[in-house]
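Here is how the chains run, residue by residue.
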Amino acid sequence: MKLDSMPITLTQCGKTFRGTRVLEPLDLSIGAGETLVLLGPSGCGKTTMLRLIAGLETPDAGGQVRFGDDDVTALPIERRKVGMVFQNYALFPNLNVRGNIGYGLKIARVSAAAARERVDELLAMMRLQAHADKPIGQLSGGQRQRVALARALAPRPRVLLLDEPLTALDARLRDTLRGEMNALLRELGVTTVYVTHDQAEAMELGERVVVMSAGRIEQIGTPREIYYRPASRVVAQFVGTLNRIAGQWRDGALVTTGGKLDTHTTRSPGPTELFFRPEDATLADPAHAPLRGVIEQSTFLGERTRLTVRGAAPDTLLVDVAGRIELARGTPVGIAIEPQALIALA
Ligand code: ATP
């Protein structure tokens, strides 16, 4: 199944509830067929932004929402042709699977024969054929999620809006469905806005990710840009784990208590602090490494071991090494970091 796609443009869209501004006026363009993920902590305004696009909320005065050339700002949800999936699925408990998927087609007065064909196509696409006549109450969480998605897609929406669709599922199922969702979105080609607070979901599904905090956009970028070139501490700390190192800046290097750490820039980053990700560090000979400390804790996580190292920087550092590596508490270690893996943040 392939759907039409169109760009979405938000211009100066803000939202105030009873005198409290929860979304600062913001501009955002979403490309035709793009999957854009809104990522951020609870309460940052992701759902509000999604509801503005859906037509479940109207922006404060001056804000505008466009689908392609259509100004939809004043249109209610039922006239925007959007497909929406919520965290709790909001399925109709009194209808069976077929009835749920076909619901929007009935409302749109699609003929019974055409509706049946469309529902059959979606049942096959979502691997729900064997469950077509079951009541919703007899389905697993993953199956309900697929029914909700099929119901949203049946009327061939011009925009797909997903609000934490996998959050209610257990971790293993979430991993599987994330992969399926990714394949599905690529196949559909529909412009999609996906809200989540889960960074793995954002990385896998987003062609671009919008990181939000306290009603503002902190950064917009590809998953790799967000992860490796975070624009601020807020972004860096929300996406992945970060270590802080400090020292004196001299000739393109950060001189720490243990030695010299070469960096990729000859300019001082301003503050004498740099950051790096646990998986970007390697263990090195403690006699020569720029950062030296002792193992405080070693946590086996299966595919990797996470080491907590004390004494190499003002705070303890986290270093990820291969799962097989075992180091006892108190072992002296050196830490090396490739220059390009160092992140300077204001
Ligand atoms: P979560 O992941 O918890 O859903 P979120 O990032 O989606 O968080 P929003 O649901 O957009 O955040 O909420 C942003 C802020 O707006 C919150 O402080 C919330 O309490 C407030 N808010 C949302 N809807 C309303 C409303 N109808 N009336 C008053 N305040 C609201």
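Residues numbered from 1 in each chain as written. Predicted model: local features only at pLDDT ≥ 70, side-chain atom pairs only at ≥ 80, totals over all residues. Heavy atoms only, no water.

K.L.:
Give me the lowdown on the sheet that holds strand S4 (residues 64–67), citing residues and values where you can.
P.N.:
Taken in spatial order, the 4 strands line up as S2-S1-S4-S5 in an open sheet, and their pairing is antiparallel. Edge positions in the sheet fall to strand S2 (20–30) and strand S5 (70–71), since each of these pairs with one other strand and no more. Here strand S1 (residues 8–17) runs beside S2; their pairing, made up of 7 bridges, is antiparallel. Across the sheet, Phe 17 pairs through a bridge with Thr 20, a residue of S2. Here helix H1 (residues 46–54) sits on the sheet and contacts S1, S2 and S4; the angle it forms with S1, its principal contact strand, is near 120°. (Pairing = 2+ DSSP bridges. Helix = DSSP H or I, 4+ residues; strand = E, 2+ residues; numbered from the N terminus. Contact = heavy atoms within 4.5 Å. Axes fitted to C-alpha atoms, helices over the stretch in contact; angles between N-to-C directions.)

K.L.:
So what's going on with helix H5 (residues 171–188)? Residues and values would help.
P.N.:
Its 18 residues place the ends of H5 25 Å apart at the C-alpha level, agreeing with the 26 Å of an ideal helix rising 1.5 Å per residue. For H5, the full list of buried residues reads Leu 177, Arg 178, Met 181, Asn 182, Leu 184, Leu 185 and Leu 188. (Expected span 1.5 Å × (residues − 1). Buried < 20%, exposed > 50% of the residue type's maximum accessible area, 1.4 Å probe, protein only.)

K.L.:
How would you explain the side chain of Asn 100 if you had to name every residue and give the values?
P.N.:
Residue position: Asn 100 is located in helix H2 (residues 97–107). If we ignore the near neighbours within four places in the chain, the residues touching Asn 100 are Leu 91, Phe 92, Leu 95, Ile 136, Val 147 and Arg 151.

K.L.:
Before we move on, could you go through the UniProt feature "domain: ABC transporter" (unreviewed entry) in the chain and cite the residues and values that matter?
P.N.:
Feature annotation in UniProt places "domain: ABC transporter" (unreviewed entry) on residues 8–239, given in this structure's numbering. Taken as a whole, residues 8–239 contains 36% helix and 25% strand, while its terminal C-alpha atoms sit 26 Å from one another. (UniProt positions renumbered as here; feature names shortened; annotations may be inferred.)

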